[in-house]
Amino acid sequence: MARQSASGSQPQFEFEPDPALEAFIEARAARIAKAQAFAWRFRLVTIETLMMATLVLAAGLALRQPTLLVLRASIMVGGGCFASGILLIGLTGAVDRAVAHMRGWWRGK
């Protein structure tokens, strides 16, 4: 149903909310948000990994340590940071799914 606006130039439509459409929109928005959240977490872990590896490399070279030793230490620190960050992302997702499962189980009880 359309009615004219106060200025009379544009029609204004009044829609009744459709629960199925609302649920569809919310599910799609949640799916997109989850995908974007994972991408941002991965970017953050990657950036932090590169920063830590670069800091170790810069500190080692500034202290005039042997170059190959500093390079190896930098790679090891970067690898450790990346592995622990990815592990943290995975564990966070697993705990999130477990909590959601427990909520569903508790509600159904």
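In the block above lies the structure referred to throughout.
Quick look at the structure, then.

Calculation criteria
- Sequence positions are assigned chain by chain, starting from 1 and proceeding in written order.
- Given that the model is predicted, a residue must reach a pLDDT of at least 70 before its local features are reported, and side-chain atom pairs must reach 80 or more before they are shown or counted; all residues, however, enter totals for whole chains, interfaces and linings.
- Neither water nor hydrogens contribute to the side-chain values; these are computed over all heavy atoms in the structure.
- Each helix is a run of DSSP H or I of at least 4 residues and each strand a run of E of at least 2, with the numbering of both proceeding from the N terminus.
- Given a helix with a known number of residues, its expected span is that number minus one, times 1.5 Å.
- Burial here depends on accessible area, computed with a 1.4 Å probe over protein chains only, as a share of the maximum for the residue type. Under 20% is buried, over 50% is exposed, and the range in between is partly exposed.
- Any two residues having at least one pair of non-hydrogen atoms within 4.5 Å are treated as being in contact.
- In this scheme Phe, Tyr and Trp rings, the latter by its six-membered ring, pair at centre separations within 6.5 Å, and the angle between planes marks the pair as stacked below 30 degrees, edge-to-face above 60, and tilted otherwise.
- Should the NZ of a Lys or the CZ of an Arg lie within 6 Å of a ring centre and within 35 degrees of the ring normal, that charge is described as sitting over the ring.

## What to know about helix 2 (residues 67–108)
- With 42 residues, helix 2 ought to run about 62 Å at 1.5 Å a step, and its terminal C-alpha atoms sit 61 Å apart, in line with that.
- Among the residues making up helix 2, those that are buried are Val70, Ser74, Gly78, Gly85 and Ile89.
- If you follow the buried residues of helix 2, they end up packed against helix 1 (19–62).

## Points about the packing of aromatic side chains
- Taken as a whole and assessed by the stated rule, the structure comprises two aromatic pairs.
- Centre to centre, the rings of Phe42 and Phe82 are 5.9 Å apart; their planes meet at 80°, and the pair counts as edge-to-face. In this pair, Phe42 is assigned in helix 1 and Phe82 in helix 2, connecting sequence segments 40 residues apart.
- Residue class for Phe82 comes out partly exposed when judged on its relative accessible area of 32%.
- With a centroid separation of 6.1 Å and an interplanar angle of 55°, the aromatic rings of Trp105 and Trp106 are classed as tilted.
- Over the ring of Trp40 we find Arg43; its NZ or CZ atom is 4.7 Å from the centre of that ring.

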